[in-house]
Amino acid sequence: MPGNIRLLSTDFDGTVVCRTGEPFLHTGCMELIQKLQQEGAVWAMNTGRSVDLLESGLLDFSFPFRPDYILTSERDVFRPGSNGSKWEPFGEWNARCAREHSELFTSASSILKQVIDFVNQGTKARIIYEADRPTGLITSSEEEMERVVKFIDAARQHQPKFHYQRNTIYLRFCHTDYHKGAALNELARLLEISRENIFAAGDNHNDISMLDGRFARFPACPANSVAEVKQAVRQAGGYVAEQDCGAGVHEALLHCLADVDRKTVERLNR
């Protein structure tokens, strides 16, 4: 197995995909991931996007090939469908995740009400609803997001299982046990892949759970990552790239592969 990496877990927006200008995809990064796939590694797209939004993103940005697995909404685990569908739940994880979130939002209804009142009365943020249930919010700025998360952190002290995932001006309410790192860990368990053989890359707050060293031996982030992500990666002994987005992921992958097998890097880089 090349460089001892058997599983790659990468964020989508701001990590593999550059949203600030063309090219959206870094050719060297895509070619290296594909070479690793061809040599037996599996690639999981680990994103805050839903399945539908991820599918549209793969099309919109003209991905030359598809991930082997997808981890969506910062918690769900999907594999390629066996009955004609593109994706299907992998194991019982998604059902358990949905059940525990439903139970949590019922028990934490008073906290949700406090948050909604704070947002509606004291900010320009907007609450997001799905099926008449509040699932998250969008703030008017990242500065406003800081105010909102400080309020939630104080409000959740008596209900510690109630938490959130944030990315720029977007926030999703969630159960503290379900996040990108937990989804990666479940996929690794199902595939019987050790933490020692996992590479993970992301750029924003909601990626920290898969970059803090608990679930991936090789955590990394591109140069455009927020400061908190860079700090988490450094503390985990990972690699902070000097280049942005896909170019940074390519740089980080080559670095991590070189750490364990320089001959492999020379071959893959040819």
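Up top is the structure these notes are about.
Being a predicted model, the structure only gives us computed values, none of them experimental. (Residues numbered from 1 in each chain as written. Predicted model: local features only at pLDDT ≥ 70, side-chain atom pairs only at ≥ 80, totals over all residues. Heavy atoms only, no water.)

Let's talk about the side chain of His175
Assignment of secondary structure puts His175 in strand S9 (residues 170–175). For His175, a relative accessible area of 6% translates into the label buried. When near neighbours in sequence (up to four residues on either side) are disregarded, His175 contacts Glu100, His101, Leu104 and Lys161. (Helix = DSSP H or I, 4+ residues; strand = E, 2+ residues; numbered from the N terminus. Buried < 20%, exposed > 50% of the residue type's maximum accessible area, 1.4 Å probe, protein only. Contact = heavy atoms within 4.5 Å.)

Focus: the packing of aromatic side chains
Counted by the stated rule, this structure contains 10 aromatic pairs. Judged by centre distance (5.5 Å) and plane angle (25°), the ring pair of Phe12 and Phe63 falls under stacked. Here Phe63 lies in the loop between helix H2 (51–60) and strand S3 (69–72) and Phe12 lies in the loop between strand S1 (7–10) and helix H1 (27–38), a separation of 51 residues in the sequence. In terms of burial, Phe12 and Phe63 fall into one category: buried. Relative to Phe61, the ring of Phe24 lies with its centre 5.2 Å away and its plane at 70°, an arrangement referred to as edge-to-face. (Phe/Tyr/Trp six-rings, centres within 6.5 Å; stacked < 30°, edge-to-face > 60°.)

Some points on the environment of Glu251
Along the polypeptide, Glu251 turns up in helix H8 (residues 245–260). Taking the C-alpha atoms as reference points, Glu251 and Gly28, separated by 223 residues in sequence, lie 9.3 Å from one another. Once residues within four sequence positions are removed from consideration, Glu251 is found in contact with Tyr239, Ala241, Glu242 and Gln243. Among the polar contacts made by the side chain of Glu251, one reaches the side chain of Tyr239 at a distance of 2.5 Å. (Polar contact = N/O pair within 3.5 Å; in protein donor to acceptor, adjacent residues only side chain to side chain.)

Regarding the packing of helix H4 (residues 109–122) against helix H5 (residues 142–155)
At their nearest, the axes of H4 and H5 sit 10 Å apart, and the two run at 155° to each other. By the angle between their axes, H4 is roughly antiparallel relative to H5. The hand of the H4/H5 crossing is right-handed. Across from Ile111, Gln114, Val115, Phe118 and Gly122 in H4, the residues of H5 making contact are Arg147, Val148, Phe151, Ile152 and Ala155. In the contact of H4 with H5, the residues fall into 7 nonpolar, 2 polar and 1 charged. (Axes fitted to C-alpha atoms, helices over the stretch in contact; angles between N-to-C directions. Parallel < 35°, antiparallel > 145°, perpendicular 65-115°, else oblique. Left-handed = near helix turned anticlockwise from the far one by under 90°. Nonpolar A, V, L, I, M, F, W, Y, C, P; charged D, E, K, R; others polar.)

Considering the layout of surface pockets
If you add up the space inside the largest pocket, you get close to 980 Å³. What lines the largest pocket is a set of 34 residues, and nearest its centre among them are Gly48, Arg49, Ser50, Ser73 and Arg172. Contributing elements (two or more residues each) for the lining of the largest pocket: helix H3 (93–107), strand S6 (126–130), strand S7 (133–138), strand S8 (162–167) and S9. At 6 residues, H3 tops the list of elements feeding residues into the lining of the largest pocket. A breakdown of the residues in the lining of the largest pocket according to their chemical character gives 9 nonpolar, 14 polar and 11 charged. Space inside the second largest pocket adds up to approximately 210 Å³. In terms of lining, the second largest pocket is formed by His163, Tyr164, Gln165, Arg166, Thr176, His179, His205, Asn206, Ile208, Ser209 and Arg214. (1 Å grid on protein atoms, 1.4 Å probe; cavity = no way out; pocket = protein on both sides within 12 Å on 5 of 7 lines; lining within 4 Å. Points joined across faces, edges and corners; volume = space filled by probe spheres on them.)

A closer look at the nonpolar core
Core analysis: the biggest nonpolar cluster contains 34 residues, and Leu8, Met30, Phe63, Phe199 and Leu253 have the highest contact counts within it. Here Phe63 is in contact with Phe12, Val16, Val17, Leu25, Met30, Trp43, Met45, Gly57 and Leu58, once residues within four sequence places are set aside. Within the second largest apolar cluster, 27 residues are counted, among which are Ala182, Leu211, Phe215 and Val233. (Core = buried A, V, L, I, M, F, W, Y, C linked by side-chain atoms within 4.5 Å.)

Regarding the pattern of salt bridges
Evaluation of the coordinates by the stated rule reveals 15 salt bridges. We note a salt bridge from Glu196 to Arg217, for which the minimum N-O separation is 3.9 Å. Residue Glu196 is found in the loop between helix H6 (180–191) and strand S10 (198–201), and its partner Arg217 is found in the loop between S10 and strand S11 (218–221); the two are separated by 21 residues along the sequence. With relative accessibility at 36%, the residue Glu196 sits in the partly exposed group. The structure contains a network of salt bridges with shared partners spanning Asp11, Lys180 and Asp207. (Salt bridge = Lys/Arg side-chain N within 4 Å of Asp/Glu carboxyl O.)

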